[in-house]
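Residues per chain are reported as follows:
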Amino acid sequence: MSETEGGTADAVSTPAYSSPAKSLGDPGITPLSPSHIAKDSDANDAVEQSFLVVVAIDFGTTSSGYAYSFTKEPECIHVMRRWEGGDPGVSNQKTPTTILLTPERKFHSFGYAARDFYHDLDPNESKHWLYFEKFKMKLHTTGNLTMETDLTAANGKKVKALEIFAYALQFFKEQALKELSDQTGSEFENSEVRWVITVPAIWKQPAKQFMRQAAYKAGMATPENPEQLIIALEPEAASIYCRKLRLHQMIDLSSKAPVNGYNASDTVGAGFTQAKEHVRRNRQSRTFLVENVIGEIWSELEEGDRYIVVDSGGGTVDLTVHQIRLPEGHLKELYKATGGPHGSVGVDYEFEKLLCKIFGEDFIEQFKIKRPAAWVDLMIAFESRKRAAAPDRTNPLNITLPFSFIDYYKKFRGHSVEHALRKSNVDFVKWSSQGMLRMSPDAMNALFKPTIDQIIQHLSDLFEKPEVTNVKFLFLVGGFAEAPLLQQAVQNAFGSKCRIIIPQDVGLTILKGAVLFGLDPAVIKVRRSPLTYGVGVLNRFVEGKHPPEKLLVKDGTRWCTDVFDKFISADQSVALGETVSRSYTPAKPSQFVIVINIYSSEQDNVSFITEPGVKKCGTLRLDLTGTDTLVPTRREIKTLMQFGDTEIKAMAIDVATSKSVKAGIDFLNY
C-alpha cells in the first residue's frame, strides 16, 4: 500500500498545496510497512449518553418541521403541534422554510408568521426587511462552500448563510423545548435532548459539516459534545420508517388487491384522497404509534434483498439502494447515494419561465424586486393549484393574480394583463374575468414534465447498475411523492420491475424515520464512503517509477514527495464506527513536531496530493518535544481514521509515549 504506483502528476502543484516536505523545513512522514487495517470497534471511547427525548428536525427546502419521542416510550412519535397560519389546500403539519430578519438584521420570525408579516408590510417598508425562502438549495449548489458563504434576501441584500441556518435551527430548538416543557409541566433543558437533523444524502461533505456548524451556533450541541447531535441522511431516515409500515399505512401502486379499502383500478388520486382522510382523522392527535414490529411488507424481505428509497422533496431527489441484513434487519447501503436538484421547486421554476414568456422577463424581474411580498403571494397561489394537478384532471386550474401584479403590469407596460395573455401565443393559459390565470390541465402537467423526466431518467440509470439488479420494492417518499403525476410516471416506468410503495403520510416519513434513527443510531450498519481519503507522505525515491520533479534529497536520502497514501477509497463499504489505521515514522529521526496532512478526493485512484481535485481536509499536529530521549530510533506514529455517522475523526498516536492528538475532518476551513 505504501509503494504508491504513480504515473506523473500532470497538475502543476499550486501554491496552496505545494509540497509539504519542501515547506518550512518540515521533513514529513514516511510509511512504516506493512500498513494494516484495525477493525477495532472499541475505538468508540465516547460514552453512550442518555437523553430523555429525541427531537428530529426535517429542515426542508420548501417546508420544515420537527417530531419527537421520549426514550421511555419509543413507540410514540409526536409530530409538532399545529402552527399558526397555514394555506388553503396545504396540510399544516410542517411550516414553510421561510425566515424574516428586521432591517437591523435581527431574527424576527419563521414560517407562516414570517411570510404573513412580510406580506402585510407596506411595500415601501418591506424593501428594508430581509426575507429568505428556499435557501437550503444554496448548500447544494455552492461548489466551494465555506463559513463565509452568503445568501441573498428577497430585497437583494446579502447575509451570511451560517447565520440564517443558525437562526432557523435556533427557532426550532426553542419551539421544541417550549412544547416539551408544556407537555411535561416542567422546564426542559437542552442537555436532555438528542437532536437529529436530516440532510440529503447527495449533499457533499462540506454541506453536511455546515449543517453541524450551524447547529453548534444555534446552541443544540457543542464541538466538545458532538454526540448530542446526529446528522442523518434523509433517505436513510425514510428507509428506517418504511421498515415499520403496516399494510394499512401505505399505498401499493402495483397491487391489484384493494388497499385501504379501495381498488387499484380506481385512479391513484382517489386512493390518495382516502388515505389523506384517514390521516386527517388522526391529525388532531398528532401522535403516531410505531408498533415495535417489522411491518408486513418488510417481513416479505429476505436476507440480501434490495430495495430503493426515492426521496423526492422540494429541492433535491435522493436515490439510495439498501440491502437487508438479517437477523436484526440492519440496513446496508449498496450503492452510494445519487440524485440531483430535481425537487418540486423545479415545477415553480417552470411556472416562473411561463410567466416570463407571457409578461416578459424584464417585467417579472422588476416585479420580484419592487413587490417582493406580492410575488410570494403569487407563488403561494400557484403552490395550492400545483397540488391539485393530477393525471386524469379535466377541468382547468385557476391561479389568482395579486392585484398589485395587475396594477404594476399596467404601469410598467401601458397595457393590461389580459392584452398580454391574448398577444402571448401561449394558448393553454387564458384570462378569466375574475382576475385569474386559467390553465388547462395539460398546461399544468407540462410544468411538471421536465422535473419528473429527470427523476425517471435518474432512476433508469440507477436500474442499469449491477448493484441494483433484482430490486424488490421501490419506496416513494418525501413531499413531492404526494404528486399523483410523479406517482403515475414512476409506476408506468418501473411498475413491471418492482413493487412501488408509498407510505401514507408521505411528507412526514423522513421526520418519523429520523426520530427512530435518533432512538437507535446503530440500525444503519454499512455506508459507502463518498470520497477517497489519505495522507500526504514521503516515499523512498525509485528511479524510473517516480516523476523526477518529486525528488527531494535530505541528509543524503532520496525521497519522493507529495505521495498520497490511501486510507479508504470512494465507494468502498465502511462499517459505522470502523477504524482504519496506518503507521508512519518521521522521515528524520531528530524531528519533534510531526505534521500529518489529510486529503480527500472524489477520484478512486490518487497517486499524489498535487493531482487535480485533491483537497486538504484535516491536519494532525503531534508535538513530541520534551518527551523522554529513550525513544526507539524508528519512532512509530500510528494514525487512525474512524468513519462515523456523517463525521470522520482522525487521531495520531506516538506509540512509544502514548501521546496523542485528535482532529475532525474539516471541509469548510481549508
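Residues numbered from 1 in each chain as written. Predicted model: local features only at pLDDT ≥ 70, side-chain atom pairs only at ≥ 80, totals over all residues. Heavy atoms only, no water.

## So, the overall build of the protein
The condition is simple: Helix and strand definitions here come from DSSP, where helices need a minimum of 4 consecutive H or I residues and strands a minimum of 2 consecutive E residues; each element is numbered from the N-terminal end. Per-residue accessibility, obtained with a 1.4 Å probe over protein chains only, is compared with the maximum for each type, and a residue is labelled buried under 20%, exposed over 50%, and partly exposed between these values. Contacts are assigned to residue pairs with any non-hydrogen atoms lying within 4.5 Å of each other. Computed with the Shrake-Rupley method and a 1.4 Å probe, the accessible areas treat only the protein chains shown as cover for residues.
Of the regular secondary structure elements, the protein holds 16 helices and 33 strands. Looking at the 670 residues of the protein, the share that counts as buried comes to 56%. Put simply, of all contacts in the protein between residues at least 6 apart along the chain, 71% involve residues at least 24 apart. Carbon and sulfur atoms make up 51% of the accessible area of the protein, which amounts to about 28300 Å² in all.

## Focus: the pattern of salt bridges
Using the following cut-off: Here, a salt bridge means any side-chain nitrogen of Lys or Arg that lies within 4 Å of a carboxyl oxygen of Asp or Glu.
Applying the stated rule across the entire model yields 17 salt bridges. For Lys449, the salt bridge is made with Asp453, and the minimal N-O distance between the two is 2.6 Å. Placement of the pair is Lys449 and Asp453 together in helix α14 (residues 441-464), with a separation of four residues, close to one helical turn. Within this structure, Lys134, Asp348, Glu383, Lys386, Arg387 and Glu482 form a network of salt bridges that share partners.

## Here's the deal with the sheet that holds strand β19 (residues 429-432)
Selection rule: At least two bridges found by DSSP between two strands is the condition for calling them paired. Lines fitted to the C-alpha atoms define the axes, with helices restricted to the stretch that makes contact. Angles between their N-to-C directions range from 0 to 180 degrees.
Reading across from one edge, β18-β20-β19 is the order of the three strands in this open sheet, with antiparallel pairing throughout. Two strands close off the open sheet at either side, each with one partner strand: β18 (397-400) and β19. The mean angle between the axes of side-by-side strands here comes to 30°, regardless of whether they run parallel or antiparallel. Relative to strand β20 (residues 436-439), helix α9 (residues 345-359) is tilted by about 110°, and along the sheet it contacts β18, β19 and β20. The strands that α14 touches are β18 and β20; relative to β20, the one it contacts most, it runs at about 85°.

## A look at the packing of aromatic side chains
To keep it simple, the criterion reads: Only the six-membered ring of Trp is used, alongside the rings of Phe and Tyr, when aromatic pairs are assigned; centres must lie within 6.5 Å, and planes under 30 degrees apart are stacked while those over 60 apart are edge-to-face, with the rest tilted. For a ring to carry a charge above it, either NZ of a lysine or CZ of an arginine must fall within 6 Å of the ring centroid while also lying within 35 degrees of the normal to the ring plane.
Under the definition given, this model contains 29 aromatic pairs. Look at Tyr408 and Phe412: their rings are 6.3 Å apart centre to centre, the planes differ by 35°, and that puts the pair in the tilted class. With a gap of four residues between them, Tyr408 and Phe412 both fall in helix α12 (residues 403-413), about one helical turn apart. Connected via pairs of aromatic rings, a cluster forms that spans Phe359, Phe363, Phe367, Phe405, Tyr408, Tyr409 and Phe412. Of note, Lys497 hangs over the ring of Phe463, and the distance from its end group to the ring centre comes to 5.4 Å. A cation sits over an aromatic face here: Arg582 above Phe567, 5.1 Å from the ring centre.

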